[in-house]
Amino acid sequence: MGIPQVFFCLVLFAGILCTESKFMVYNTSQSIVPGKLNVHLVPHTHDDVGWLKTVDQYYVGSNNSIQGACVQNVLDSLVPALLADKNRKFIYVEQAFFQRWWRDQSEAVQGVVKQLVSSGQLEFINGGMCMHDEAATHYIDMIDQTTLGHRFIKRDFGVVPRIGWQIDPFGHSAVQAYLLGAEVGFDSLFFGRIDYQDRAKRKNEKSLEVVWQGSKSLGSSTQIFAGAFPENYEPPPGGFYFEVNDNSPIVQDDVNLFDYNVQDRVNDFVAAAVSQANITRTNHIMWTMGTDFKYQYAHTWFRQMDKLIHYVNQDGRVNALYSTPSVYTDAKYATDESWPIKSDDFFPYADSANAYWTGYFTSRPALKRYVRLMSGYYLAARQLEFFKGRSNSGPNTDSLADALAIAQHHDAVTGTEKQHVANDYAKRLSMGYMEAEELVASTLACLAQSASDTGCGNPTVKFQQCPLLNISYCPASEVDLPQGKSLVVVAYNSLGWKRDNVIQIPVINEDVTVHDSEGREIESQLLPLANAYVGLRNHYVRAYLGRSPTQTPKYLLAFKVSVPPLGFSTYTISSTKRPGASSTRSSVHTFQRREESTVEIGQGNLKLTFSTDQGKMINYVNSKSLVEEPVKQSYSYYSGYNGSDKDPQNSGAYIFRPNGTFPIKPEGQVALTVMRGPVVEEVHQQINPWIYQITRLHKEKEHGEVEFIVGPIPVDDGIGKEVATQITTAMDTNKTFYTDSNGRDFIKRIRNYRTDWDLEVNQPIAGNYYPINLGIYMQDNRAEFSVLVDRSIGGSSLVDGQIELMLHRRLLLDDSKGVAEALNETVCVLDKCTGLTIQGKYYFRFDPLGEGAKWRRTVGQEIYSPLLLAFAEQDGDNWMNSHVASFSGIDSSYSLPDNIALLTLQELDDGKVLVRLAHLYELGEDRDLSVMTSVELKKLFPRKKISKVTETSLSANQERTEMEKKRLVWKVEGFSGEELKVVRGGPVDPAKLVVELAPMEIRTFVIDFNPGLHHDVFDA
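Residues numbered from 1 in each chain as written. Predicted model: local features only at pLDDT ≥ 70, side-chain atom pairs only at ≥ 80, totals over all residues. Heavy atoms only, no water.

Remarks on helix α14 (residues 531-545)
Taking 1.5 Å of rise per residue, 15 residues should cover 21 Å, and α14 covers 21 Å from first to last C-alpha, within 8% of that figure. Within the span of α14, buried status applies to Y533, V534, L536, R537, Y540 and V541. An end-on view of α14 places all buried positions within 165° of arc, on one side of the element. Residues of α14 that are buried sit in contact with β32 (691-698), β33 (704-710), β42 (826-829), β43 (832-835) and β44 (838-848). Immediately downstream of α14, the backbone of G546 shows phi near 75°, a positive value. (Helix = DSSP H or I, 4+ residues; strand = E, 2+ residues; numbered from the N terminus. Expected span 1.5 Å × (residues − 1). Buried < 20%, exposed > 50% of the residue type's maximum accessible area, 1.4 Å probe, protein only. Arc of directions from axis to C-beta. Contact = heavy atoms within 4.5 Å.)

And the structure:
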């Protein structure tokens, strides 16, 4: 466009001075030009939902001595910048920030923003509360946090995000591609971080952009167009950063001023565009114009991009335009190009030869466990909220939902944030838990009210829960029980099938008996509380609660509970003086290390043998499955690499870089302490002064359980340490093992090998570590050996026949990846700080070849969704007569099939109910259970009348049929058109209301109930 000339005349004293003013109008209206190289400029900001500062500090712009970042400024300045030119565009991702800002805006501003969204100038991309991690997250949490953001966007703006934008997570999962990509309705997925060797090869082959088929079971039905950026998610090389203080050269286009550089800047632009075009298919490339917390003064960016678009298009060699990933995706699709196929995932990630980002798989293991524990609790609490009826005024599960969503951020559950930020995440989870705990307690009290009552009313029972039960602290159960008083224990099961589990709770009294829901006395066992747990309990109760426990229970009471699906059973514990009527005290035998003998534990089919002189497990026998295998378990630590000027890469929060492996040999005179009884048998071992271990076999269970206490890791020698455990078998596994993808699909791993390129092995340990959320297994031609975990950790098989898990990390140096803080977690009591101690569990089992999946899937669900325990005191023994002792929320004759899980049962704000059902098995994983299965909705809701069932996308923001109509079908290189047809569950008949699920399928429904034709659960 031309330059308008305006003349101003200024009267200065007696004379008249006339000057010419030039107002430049830049032409930014350019769209795609066929036949030219189109450079899609995508303005964006990457706003971490906590990292160096907390989420709220980032939002309001406080604590700027750490980092000058204020998201409020970004969003405030963005609106006028977009209004200034209708061709400008911007994408925004993190809804945790956007929602904070949105709540503070006037109706007028909200109306303007809605117009910007409607016109496509402002586009929501990804759309979750955060940009979640892809290694340390569980798929249920990924779904929940995405749903929270997507439903807000749909409710307030009426739009559906089209594009996945995972630009900063440190490696990328198959589940992200097919489940949190294709199944939420995304047309494409873009990301920033892939292995440096993989990236180099893909640049040469022009295969940074692919069609990613992440699911073996669902095949092409869930494939998605996916693109890795050439370098990162920042502007291209050549100086195109335009924040106020950035040092890139601006476009100086005023000929009356010095340093005019339009042609230089155009040449820089064209050179960078051609360079990227040489590694990209088609005539479309994307430039990510922004990076962390940019656009705090948005005009500085847009002014320079306006100029670049104007002058580059005048130059004519390439075509520049404002764009978004949606526009870019549509342009790519319109070329009708065929794309390379990608399967499995992008783990592990390294950005240089000695920088494998595999340490964060384990970093901050206590936070990782807390997130996982709260995730399972949130699932159960939403079910109970549904049974009672949601209250928007509280208490409800909203705070816990928000805290859990934020905790999935790629610098939260990963453990890669500063310590004060980790504390903030934990604080939010704790506050969310406390409100949900109140809801759970009141709902259980309502459900337990006498059947003669109608409705809930105000229940008199006050149930208590024990969030510190993992360190054997439970004031609710540590009560004196004189004659005539009893302790009521309610166990709630959030799974869709009946389960039998052993629970252990600390008790004061010795002579106690346990009765079930029918009033029958059941077998129970008293185990003496180990000194290691007394110390752990006393220290951490003081640290967490600011006070010491008033007493120390002598025993843990163990007994088996049997709980119906989506329901509870009640047990009473009372003191007794009747001879022979009380719980069985465990027999305790201590073996000295000098004794050369073996000891066997196990009352059922499974038996484990230990060597007393070695202080180790040596053999595993299951008489039912006819599996007998030698097995040993040991500990070691890696010393963290301390970089030098020549090779500066340290081991740190992100990076695992070992500098030597050191076995931890059992110390002390006592090799083993064995506790036996009718319910559980345990082998206790003090491995060294800072590692304690219990190997446990429950009666009627056919797997082993290892409970470990690790820490404080000593660093007095100035060396950081990363503690791992190894389970060694005689299996011939040929370098092959299998790890889960976000707790969902299992992916085959081969040591020192990558499917997509010829791996140059620089770090043989760190480079073979993978994230584990559910479990890891290996197999040979006879058997499978599986290990399941209770949180996200890193692990591998570094030696044939051996599985290794990293349990804890304490490091003294920063790894120079941005957090600028050593991973040295401490806990302080009275100004004395010691290293963090970790308590946790893992579970192991051998199976005949091809038979391990059923255990992995079933027990994996039980680990994710532990029984929820609530306690109350009761005078007398008439609880069972005056209360509902057993409850199931579904039809009493029904349970979900063994291969189906209920992921979500949640009453929404509008009274409708969100239901998600998941098939737990992959195609071909199990000969009996990897089949099409059906669920009867009428039996899931026996007390309600279903009036309408609407199937939706995974994130419940659009109808499934509409999503499928819009889905883009991409061409794949070498595809002949002959693929096995993917079988999926069919439409739900509104009369029969039966849901079919194919292997690995998750189906999401919004259900309307007829309010006039149902019985309340409290009338049952």
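Here the narrative resumes.
Description of the layout of surface pockets
When its volume is computed, the second largest pocket comes out at roughly 940 Å³. Lining the second largest pocket are 34 residues; nearest its centre among them are R151, F152, R155, L908 and D909. Mapped by element, the contributors of at least two residues to the lining of the second largest pocket are α3 (95-103), α5 (139-157), α11 (365-388), α12 (398-407), β47 (900-907), β50 (946-952) and β53 (1002-1009). It is α5 that provides the largest number of residues to the lining of the second largest pocket, a total of eight residues. Looking at side-chain class alone, the lining of the second largest pocket contains ten nonpolar, seven polar and 17 charged residues. (1 Å grid on protein atoms, 1.4 Å probe; cavity = no way out; pocket = protein on both sides within 12 Å on 5 of 7 lines; lining within 4 Å. Points joined across faces, edges and corners; volume = space filled by probe spheres on them. Nonpolar A, V, L, I, M, F, W, Y, C, P; charged D, E, K, R; others polar.)

Description of the pairing of strand β16 (residues 485-493)
Within β16, eight of the nine residues are buried, which leaves it mostly tucked inside the rest of the structure. As paired strands, β16 and strand β45 (residues 868-875) are joined by eight bridges and run antiparallel to one another. Among the inter-strand pairings, S486 is bridged to a residue of β45, identified as Q874. Bridging between β16 and strand β22 (residues 567-575) involves eight bridges; their strand directions are antiparallel. For L487, the partnering residue across the bridge sits in β22 and is I573. (Pairing = 2+ DSSP bridges.)

What to know about the sheet that holds β44
Strand order in the open sheet made by the ten strands is β24-β30-β31-β32-β33-β44-β39-β38-β35-β36, with antiparallel pairing throughout. The open sheet has two free edges, formed respectively by β24 (587-592) and β36 (745-750), since each of these has just one partner strand. Here the strands of the sheet are splayed against their neighbours by 20° on average, with no regard to which way each runs. Bridge count between β24 and strand β30 (residues 670-676): six bridges; the pairing is antiparallel. Looking at the pairing, Q592 lines up with V670 of β30. (Axes fitted to C-alpha atoms, helices over the stretch in contact; angles between N-to-C directions.)

Thoughts on unusual backbone geometry
Cis geometry marks the peptide bond from F347 to P348; its omega dihedral reads -10°. Residue position: P348 is located in the loop between β13 (341-342) and β14 (350-352). The omega angle of the peptide bond from G711 to P712 is -10°, so this bond is cis rather than trans. Mapped onto the elements of the fold, P712 is located in the loop between β33 and β34 (721-729). Phi at R364 takes a positive value of approximately 55°, unusual for a residue other than glycine. Checked against the element boundaries, R364 lands in the loop between β15 (355-356) and α11. For R364, a relative accessible area of 2% translates into the label buried.

Looking at the state of the cysteines
Taken as a whole and judged by the stated rule, the model has two disulfides. Paired through a disulfide, C466 and C474 show a sulfur-sulfur distance of 2.0 Å. Between C466 and C474, the S-S torsion sits near 55°, and that sign places the bridge as right-handed. Across this residue pair, the class does not change: C466 and C474 are buried. Disulfide pairing places C828 opposite C833 at an S-S distance of 1.9 Å. Taking the torsion about the sulfur-sulfur bond, which here is approximately 105°, the covalent link between C828 and C833 counts as right-handed. (Disulfide = S-S within 2.5 Å.)

As for helix α7 (residues 196-205)
Inspection of α7 places Q197, D198, R199 and R202 among the buried residues, and these make up the whole buried set. Taken together, the buried residues of α7 touch β8 (209-212), β13 and β15. Put simply, D195 is the residue that caps the front of α7, since its side-chain oxygen is 2.8 Å from the backbone nitrogen of Q197. Of the residues one or two after α7, K206 is the one with positive phi, at around 55°. (Polar contact = N/O pair within 3.5 Å; in protein donor to acceptor, adjacent residues only side chain to side chain.)

With respect to the pairing of β34
It is a general feature of regular strands that their side chains alternate between the two faces of the sheet. Judged by how many residues are buried, β34 sits mostly within the fold: eight of nine residues are covered. Across nine bridges, strand β28 (residues 627-640) lies against β34 in antiparallel orientation. Looking at β34, one finds that Y635 is bridged to T725. Alignment of β34 against strand β41 (residues 802-810), held across eight bridges, turns out to be antiparallel. Counted as the bridge partner of Q726 is E804 from β41.

Honestly, that's just the spatial picture; any functional story needs more than this.
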